[in-house]
Amino acid sequence: MAGMSGKRLQKELAKQITGVLPPGITLVSAENLREWQMDLTVPDNPIYSADDVYRLKFMFSTNYPIEAPECTFIQLSTPVRKIPIHPHIYSNGIICLDLLDKQGWSPVHNVESVCISIQSMLASNTKNERPPGDAEFVRSNRSRPRDINFLYHDPSV
């Protein structure tokens, strides 16, 4: 990945490899500058076990950081990584978060700030449930996460 996107991602990656990430956030892989995987734990929320680790997959376009990365939770069997239950996280891993939307994204954000925002969203969750219409959305959605026009109506979760 060349140009501004590649330079920005190399800079972010170097910081994550040599620097210290916030507690509960770990770089798992970044074999190329197009896809990264990060592990995330949720501190201090009884809905999520302290032993549970969740895997985020970031996909970057050549327009990053002007355009938000595509960020989803992925499920794995080895090591075990489940998709967290949250009113803004669909069972297919798609995250309804304004920060990841065209309107909410700003180039000042980066992988670390996205992880912190998602971790904070999970830590403050009080509802052990999926979004309304989860099954229908998962069955019928064919759009990439960045192309979905979510309606942000419930800032309380």
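Residues numbered from 1 in each chain as written. Predicted model: local features only at pLDDT ≥ 70, side-chain atom pairs only at ≥ 80, totals over all residues. Heavy atoms only, no water.

S.K.: Looking at this structure, I do not really get the overall build of the protein. What am I missing?
M.R.: Within the protein, the regular secondary structure consists of three helices and four strands. Counting from the amino terminus, helix and strand elements in the protein follow one another as α-β-β-β-β-α-α. For 157 residues, the compact-globule estimate of 2.2 N^0.38 gives 15 Å, and the protein sits close to it at 15 Å. Within the protein, the fraction of its 157 residues that count as buried is 46%. Taking the contacts inside the protein whose residues are at least 6 apart along the sequence as the reference set, 61% of them involve residues at least 24 apart. When the accessible area of the protein is evaluated, it comes to approximately 8500 Å², of which 53% is carbon and sulfur surface. Of the side chains in the protein, 16 bear a positive and 17 a negative charge, and the two mean positions are spaced by 5 Å. (Helix = DSSP H or I, 4+ residues; strand = E, 2+ residues; numbered from the N terminus. Rg over C-alpha atoms; globule rule 2.2 N^0.38 Å. Buried < 20%, exposed > 50% of the residue type's maximum accessible area, 1.4 Å probe, protein only. Contact = heavy atoms within 4.5 Å. Areas by Shrake-Rupley, 256 points an atom, 1.4 Å probe, with all protein chains shown as cover. Lys, Arg positive; Asp, Glu negative; His and termini not counted. Charge placed at Lys NZ, Arg CZ, Asp CG, Glu CD.)

S.K.: Quick question: what am I supposed to make of helix α1 (residues 3-18) here?
M.R.: For the α-helix, the turn length of 3.6 residues means that residues three or four positions removed from each other point alike. Counted at 1.5 Å a residue, the expected span for α1 with its 16 residues is 22 Å, and the 23 Å between its end C-alpha atoms agrees. Restricting attention to buried positions, one finds in α1 the residues Ser 5, Gly 6, Arg 8, Leu 9, Glu 12, Leu 13 and Gln 16. Around the axis of α1, the buried residues are gathered within 165 degrees of arc, so they sit on the same side. When the buried face of α1 is taken as reference, the exposed residues oriented beyond 90 degrees from it are Met 4, Lys 7, Lys 11, Lys 15 and Thr 18. For α1, the secondary structure elements touched by its buried residues are β1 (25-29), β2 (35-40) and α2 (111-123). (Expected span 1.5 Å × (residues − 1). Arc of directions from axis to C-beta.)

S.K.: Got a minute to help me understand the pairing of strand β4 (residues 70-74) in this structure?
M.R.: For a regular strand, side chains alternate in direction, first toward one face of the sheet and then toward the other. Counting buried residues along β4, five of its five residues qualify, which places the element largely inside the surrounding structure. The side-chain alternation of β4 yields two buried faces, one formed by Glu 70, Thr 72 and Ile 74 and the other by Cys 71 and Phe 73. Pairing of strand β3 (residues 54-59) with β4, which is carried by five bridges, proceeds in the antiparallel orientation. Within β4, the residue paired with Leu 56 across the bridge is Phe 73. (Pairing = 2+ DSSP bridges.)

S.K.: What am I meant to see in the nonpolar core here?
M.R.: Soluble globular proteins tend to pack their nonpolar side chains together in the buried interior. Formed by 31 residues in total, the largest nonpolar core has its most connected members in Leu 56, Phe 58, Phe 73, Ile 95 and Ile 118. No other element matches α2, which puts six residues into this core. Among the nonpolar cores identified, the runner-up in size contains five residues, and Ile 94, Cys 96, Phe 137 and Ile 148 belong to it. (Core = buried A, V, L, I, M, F, W, Y, C linked by side-chain atoms within 4.5 Å.)

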